[in-house]
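Tertiary structure, described
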Amino acid sequence: MSSELTLIVNGETISSVEDPHFDERTGQISISALDGLGYALHSVKMTAFQGLNLKPLPPLLNQVSLPPAYQPDETIFAWDMQNFLLGCGSGWSGRDPNPCLWAKNLRKQDWERSWQGELVWVKGYEDLLAIFTYQPDLYDLPIEISAETTLTSKGGGVALFCRATQNGRYEFYLQPDGTWFIRRDVNVEYGLPKAKHLTTLANGKVENFSPEKAQLSATCNGPKLIFNLNGVELGRVQDTLYPEGQVGIFFDAFSEGSFTNLTITRVK
């Protein structure tokens with residue numbers, strides 16, 4: 001197995017190094033540029049070099065992706081600021097296997113100001129969501145996601161979500177006045193929720209709701225979708241459109257607040 005990495009520009013070798021940790025049998029190929037730099041690609045060509053000493057990879061199990069082997073009530077993700085990273089994956093195309101979260105549409109300067117102990121403060125914008133996604137795909141595992149949240153804005157809202165893929169997701173959405181929704185979002189991008197993409201599956205309003213401190217939890221167990229606030233069930237529905245995917249939390253446009261103690265657990 002070769003461990004040589006070589007950079008060639010206009011036919012001239014610029015640099016060549018040996019890295020014993022490099023494994024040419026696995027991984028992805030990508031092209032990127034630094035923030036603020038523009039570039040144009042005129043053509044892309046990839047060539048595979050089949051070395052005589054290249055060891056074959058073990059065969060995949062029927063070419064089927066298997067879900068992680070978590071036991072009922074086992075913690076999948078526990079709040080750990082060291083694993084809470086900005087931009088630690090490449091989104092849907094990468095399906096980063098690392099146990100970390102990534103932020104979408106959260107401006108870097110605001111992220112850097114958001115850390116205060118174990119809290120992450122979020123300030124929304126009119127055209128942006130602040131979205132944090134647990135990167136590994138949980139497939140069809142029955143899970144519960146929970147977080148302690150605050151909402152300091154009069155508008156907007158905060159939502160847990162599950163079964164997220166490029167086809168959409170289920171959202172458990174709470175507004176500052178106590179109005180809540182369990183809804184299906186068929187938006188394939190992480191843009192602002194739009195009415196044409198949303199189907200309300202259940203909704204209601206919490207009386208005497210205090211948005212300064214709310215313990216949210218959402219359970220996605222087969223077709224069952226359950227929304228809880230401060231240990232009390234708000235509502236439940238059954239829907240089978242999205243059988244698997246990723247989980248996370250987002251703050252809507254114009255929303256301001258914070259969250260902490262995000263956990264993901266496999267349920268029975």
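Quick caveat: nothing in here was measured; it's all calculated off a predicted structure. (Residues numbered from 1 in each chain as written. Predicted model: local features only at pLDDT ≥ 70, side-chain atom pairs only at ≥ 80, totals over all residues. Heavy atoms only, no water.)

Here the focus is the overall build of the protein chain. Along the backbone of the protein chain there are one helix and 17 strands. Classification of the 268 residues of the protein chain by burial places 42% in the buried group. Accessible area of the protein chain: about 15800 Å², with a carbon and sulfur share of 51%. (Helix = DSSP H or I, 4+ residues; strand = E, 2+ residues; numbered from the N terminus. Buried < 20%, exposed > 50% of the residue type's maximum accessible area, 1.4 Å probe, protein only. Areas by Shrake-Rupley, 256 points an atom, 1.4 Å probe, with all protein chains shown as cover.)

Considering all chains together, one arrives at ten aromatic pairs under this definition. Arranged with centres 6.4 Å apart and planes meeting at 50°, the rings of Tyr173 and Phe181 form a pair that is tilted. Tyr173 sits in the buried class, given a relative accessible area of 4%. Members of the aromatic cluster, joined through ring pairs, are Trp79, Phe132, Phe251 and Phe259. Lying over the aromatic face of Tyr173, Arg183 brings its terminal NZ or CZ to 4.2 Å of the ring centre. (Phe/Tyr/Trp six-rings, centres within 6.5 Å; stacked < 30°, edge-to-face > 60°. Lys NZ or Arg CZ within 6 Å of the ring centre and 35° of its normal.)

Before going further, it helps to spend a moment on the environment of Thr149. Structurally, Thr149 is set in strand 8 (residues 143-151). Taking relative accessible area as the criterion, Thr149 reaches 3% and is therefore assigned buried. Separated by 109 residues in sequence, Thr149 and Ser258 place their C-alpha atoms 5.6 Å apart. Setting aside anything within four residues of it in sequence, one finds Thr149 in contact with Val158, Pro211, Glu212, Lys213, Ala214, Leu216, Ile249, Ser258 and Phe259. (Contact = heavy atoms within 4.5 Å.)

The residue Thr165 is located in strand 9 (residues 158-165) in this model. Judged by relative accessible area, which is 16%, Thr165 ranks as buried. Among the polar contacts made by the side chain of Thr165, one reaches the main-chain amide nitrogen of Asn167 at a distance of 3.1 Å. (Polar contact = N/O pair within 3.5 Å; in protein donor to acceptor, adjacent residues only side chain to side chain.)

Once that is clear, we can look at a nonpolar patch on the surface. Nonpolar side chains collect at one region of the surface, where Leu7, Val9 and Ile14 lie side by side and expose about 260 Å² of accessible area between them. Within the secondary structure, Leu7 is located in strand 1 (residues 4-9). (Patch = residues over 30% accessible without salt bridge, like charges linked within 9 Å, V, L, I, M, F, W, Y side chains within 5 Å. Salt bridge = Lys/Arg side-chain N within 4 Å of Asp/Glu carboxyl O.)

Before going further, it helps to spend a moment on the nonpolar core. By size, the foremost hydrophobic cluster in this structure holds 41 residues, and its most contacted members are Ile143, Phe172, Leu174 and Ile264. Once residues within four sequence positions are removed from consideration, Ile143 is found in contact with Ile76, Leu138, Cys162, Ala218, Thr219, Cys220, Val247, Ile264, Thr265, Arg266 and Val267. Leu129, Tyr173, Phe181 and Phe250 belong to the second largest nonpolar core, which has eight residues in total. (Core = buried A, V, L, I, M, F, W, Y, C linked by side-chain atoms within 4.5 Å.)

Let us look at the pairing of strand 2 (residues 12-18). Where strand 1 and strand 2 come together, six bridges link them in antiparallel fashion. Across the sheet, the residue bridging to Thr6 is Ser16, located in strand 2. Hairpin connection from strand 1 to strand 2: two residues lie between these consecutive antiparallel strands, with Asn10 at a positive phi of about 55°. (Pairing = 2+ DSSP bridges.)

Next up on the list: unusual backbone geometry. Positive phi, close to 55°, is recorded for Tyr139, a residue that is not glycine. Mapped onto the elements of the fold, Tyr139 is located in the loop between strand 7 (130-134) and strand 8. For Tyr139, a relative accessible area of 22% corresponds to the partly exposed category. For Arg163, which is not glycine, the phi dihedral falls at a positive 55°. Looking at the secondary structure, you find Arg163 in strand 9.

Our focus in this paragraph is the pattern of salt bridges. In this structure the tally under the stated criterion is six salt bridges. When the shortest N-O distance is used, the salt bridge between Arg169 and Glu171 registers 2.8 Å. For Arg169, a relative accessible area of 2% corresponds to the buried category. Note on Glu171: relative accessible area 0%, which makes it buried.

Of all five residues making up strand 7, five are buried, and the element is well covered by its neighbours. Burial along strand 7 is two-sided: Ala130, Phe132 and Tyr134 and Ile131 and Thr133, pointing in opposite directions, are all buried. Relative to strand 16 (residues 246-251), strand 7 runs antiparallel, the two sharing five bridges. The residue of strand 16 that forms the bridge with Phe132 is Ile249.

Now for the confidence of the model for the protein chain. Considering every residue of the protein chain, the mean pLDDT works out to 77; 63% of them sit at 70 or more. When mean pLDDT is compared element by element in the protein chain, strand 14 (residues 224-229) scores highest at 98, while helix 1 (residues 108-114) scores lowest at 49. Confidence drops under a pLDDT of 50 for residues 50-64, and excluding neighbours within four residues, the segment shows eight contacts in the predicted structure. Between residues 89-95, whose pLDDT stays under 50, and residues either more than four places distant or in other chains, the model counts 16 contacts. (pLDDT = per-residue confidence, 0-100.)

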